[in-house]
Amino acid sequence: MRGLLTGAIDLLLPPRCAGCGVIVEAQGSFCASCWAGLPFITAPMCAHCGLPFETAAAAGALCGACLAVPPRFEARSALAYDGPAREVVLRLKHSDRAHLAVDMAGHLRRAAGGWLDDDVLIVPVPLHRWRLWRRGYNQAAELAKPLARGSGKPLLVDALVRARATKSSQGLNPSERRRNLRGAFRVANAARPHVAGRCIILVDDVLTTGATADACARVLRRAGAASVRLLTLARVVRPAGAGHIAS
């Protein structure tokens, strides 16, 4: 019966490529063209911020920026924010395609690697209530839910609160983003006992300058979190020497 039901659904609503939307064989898969163009982030990479290196590097190597001023959080991302990966993020965030978060859960788990072997608490980056109302869902929370289910790790969706609305960060430089996010987040009072002493995996859709993650990491550490690790579906990969995530 389950097979018949699945077949009927696929006939009425055929599965589509997560990148471009063409019909594919199975839900959550990519067409051959998009799959070939997915910019997966793999080793070698900075051991702290996860920035991919263009050439081979020793295990534990750090990028120049992390050697100078390491950010408050470690970071790992599944994909570079380019090509089909960029389309997936935009469709997830702006085109009412929350189901894509489930489709991408395996890629997020791969990027997390050994992090999920540790005693961690999964926490999504929150949206302000008005933006959540307009969008209908928080894409970071939608990514965090299947990650928690698949790994068996605890999830606290409301651990962080977006205390005030902020203007769009699009077009802002790193210092402007930091100013824009000052005082924007707080740890919910009910979540503080769960956060204290824990390693937090902070989940978001995309890492750009790192200003949002930095603001979240700051309040989580003040609430007693032992460490903060950022896990995103995608990240902007800048050429060497073109700047770094916020610290």
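Just so we're clear, the structure is a prediction, and the values are computed from it rather than from any experiment.

(A) Structural detail: the pattern of salt bridges. Inspection of every chain in the model, using the stated rule, returns eight salt bridges. Notably, a salt bridge pairs Glu-74 with Arg-229, separated by 3.8 Å at the nearest N-O pair. Taken together, the positions of Glu-74 in strand β1 (residues 74–80) and Arg-229 in strand β6 (residues 227–235) put the pair 155 residues apart, joining distant regions of the chain. Take Glu-74: its relative accessible area is 24%, and that puts it in the partly exposed class. On the accessibility criterion, Arg-229 (14% relative accessible area) is buried. A salt bridge links Arg-229 to Asp-118; the shortest N-O distance between them is 2.9 Å. Residue Arg-229 is found in strand β6, and its partner Asp-118 is found in the loop between α6 (105–112) and β2 (120–124); the two are separated by 111 residues along the sequence. The class for Asp-118 is partly exposed, based on a relative accessible area of 32%. A single network of salt bridges, built from pairs that share partners, joins Arg-72, Asp-214 and Arg-218.

(B) Geometry of the state of the cysteines. Under the definition given, this model contains zero disulfides. Of the cysteine sulfurs around Cys-17, a residue in no disulfide, the closest is that of Cys-34, at 3.7 Å. For Cys-216, which is in no disulfide, the shortest distance to another cysteine sulfur is to Cys-199 and amounts to 15 Å. According to the relative accessible area criterion, Cys-216 is buried, its value standing at 0%.

(C) Main features of the nonpolar core. Residues Phe-30, Leu-143, Ile-201, Val-203, Leu-231 and Leu-233 are the most contacted members of the largest nonpolar core, which totals 34 residues. Listed by contribution, the elements that provide at least two residues to this core are β1, α4 (83–94), α5 (100–103), α6, β2, α8 (139–151), β5 (199–207) and β6. With residues near it in sequence (within four places) discarded, Leu-143 still touches Leu-92, Ala-101, Met-104, Leu-108, Val-203, Asp-204, Asp-205 and Leu-233. The next biggest cluster of nonpolar side chains, apart from the first, holds 29 residues, and it includes Leu-181, Phe-185, Ala-191 and Ala-223.

(D) Main features of the environment of Pro-154. With respect to the secondary-structure elements, Pro-154 resides in the loop between α8 and β3 (160–162). On the accessibility criterion, Pro-154 (37% relative accessible area) is partly exposed. Distance in space between the C-alpha atoms of Pro-154 and Leu-121 is 5.4 Å, their sequence separation being 33 residues. Aside from chain neighbours lying at most four places away, what touches Pro-154 is Val-120, Leu-121, Ile-122 and Arg-198.

(E) Layout of the side chain of Arg-229. One polar contact links Arg-229 to Asp-118, side chain to side chain, over a distance of 2.9 Å. Once residues within four sequence positions are removed from consideration, Arg-229 is found in contact with Glu-74, Trp-115, Asp-118, Val-120, Cys-199, Ile-200, Ile-201 and Leu-202.

(F) Highlighting unusual backbone geometry. The amide bond that connects Ala-43 to the next residue, Pro-44, takes the cis arrangement and shows omega of 5 degrees. One can find Pro-44 in the loop between α2 (32–37) and α3 (64–68).

(G) The packing of α6 against α8, seen in detail. It is the contact of α6 with α8, at a shortest axis distance of 9 Å, that shows an interaxial angle of 70 degrees. Taken together, the axis directions place α6 and α8 in an arrangement best described as roughly perpendicular. Like other packed secondary-structure pairs, α6 and α8 cross with a definite hand, here right-handed. On α8, the residues that touch Ala-105, Leu-108 and Arg-109 of α6 are Leu-143, Pro-146, Leu-147 and Gly-150.

(H) How the structure looks around the sheet that holds β6. The four strands lie next to each other as β1-β6-β5-β2, forming an open sheet whose pairing is parallel. Two strands close off the open sheet at either side, each with one partner strand: β1 and β2. In this sheet, adjacent strand axes meet at a mean angle of 25 degrees when their direction is disregarded. Two strands pair when backbone bridges link them, and β2 and β5 are joined in this way by five bridges, in the parallel orientation. Following the sheet pairing, Val-120 is matched in β5 by Cys-199. Where α4 meets the sheet, its contacts fall on β1, β5 and β6, and the angle it forms with β5 comes to roughly 100 degrees. Strands β1, β5 and β6 of the sheet are contacted by α6, whose axis makes an angle of about 140 degrees with β1.

What counts, and where the lines are drawn
- Within every chain, residues take consecutive numbers counted from 1 along the sequence as written.
- In keeping with the predicted nature of the model, local features appear solely for residues at pLDDT of at least 70, side-chain atom pairs appear and are counted solely at 80 or more, and the whole-chain, interface and lining totals rest on all residues.
- Neither water nor hydrogens contribute to the side-chain values; these are computed over all heavy atoms in the structure.
- Definition used for salt bridges: Asp or Glu carboxyl oxygen within 4 Å of a side-chain nitrogen of Lys or Arg.
- By the criteria applied, helices consist of DSSP H or I runs no shorter than four residues and strands consist of E runs no shorter than two, each listed in order from the N terminus.
- Think of it in three bands: residues with accessible area under 20% of the maximum for their type are buried, residues over 50% are exposed, and the middle band is partly exposed, with areas taken using a 1.4 Å probe on protein chains only.
- Cysteine sulfur atoms that come within 2.5 Å of each other are treated as a disulfide pair.
- Throughout this description, the term nonpolar core refers to a set of buried Ala, Val, Leu, Ile, Met, Phe, Trp, Tyr and Cys residues connected via side-chain atoms within 4.5 Å.
- Residue contacts follow a heavy-atom distance rule, with two residues in contact if any of their heavy atoms lie within 4.5 Å.
- For this analysis, a polar contact is any N or O atom pair within 3.5 Å, provided that within protein one partner can donate a hydrogen and the other can accept it, and provided that sequence-adjacent residues contribute only side-chain to side-chain pairs.
- Fitted lines through C-alpha atoms give the axes, limited to the stretch in contact for helices. The angle between two N-to-C directions lies from 0 to 180 degrees.
- Convention used here: angles under 35 degrees read as roughly parallel, angles over 145 as roughly antiparallel, angles from 65 to 115 as roughly perpendicular, and any remaining angle as oblique.
- Handedness of each helix crossing follows the sense of rotation of the near helix against the far helix: counterclockwise by less than a right angle gives left-handed, clockwise gives right-handed.
- What makes two strands pair is DSSP finding at least two bridges between them.

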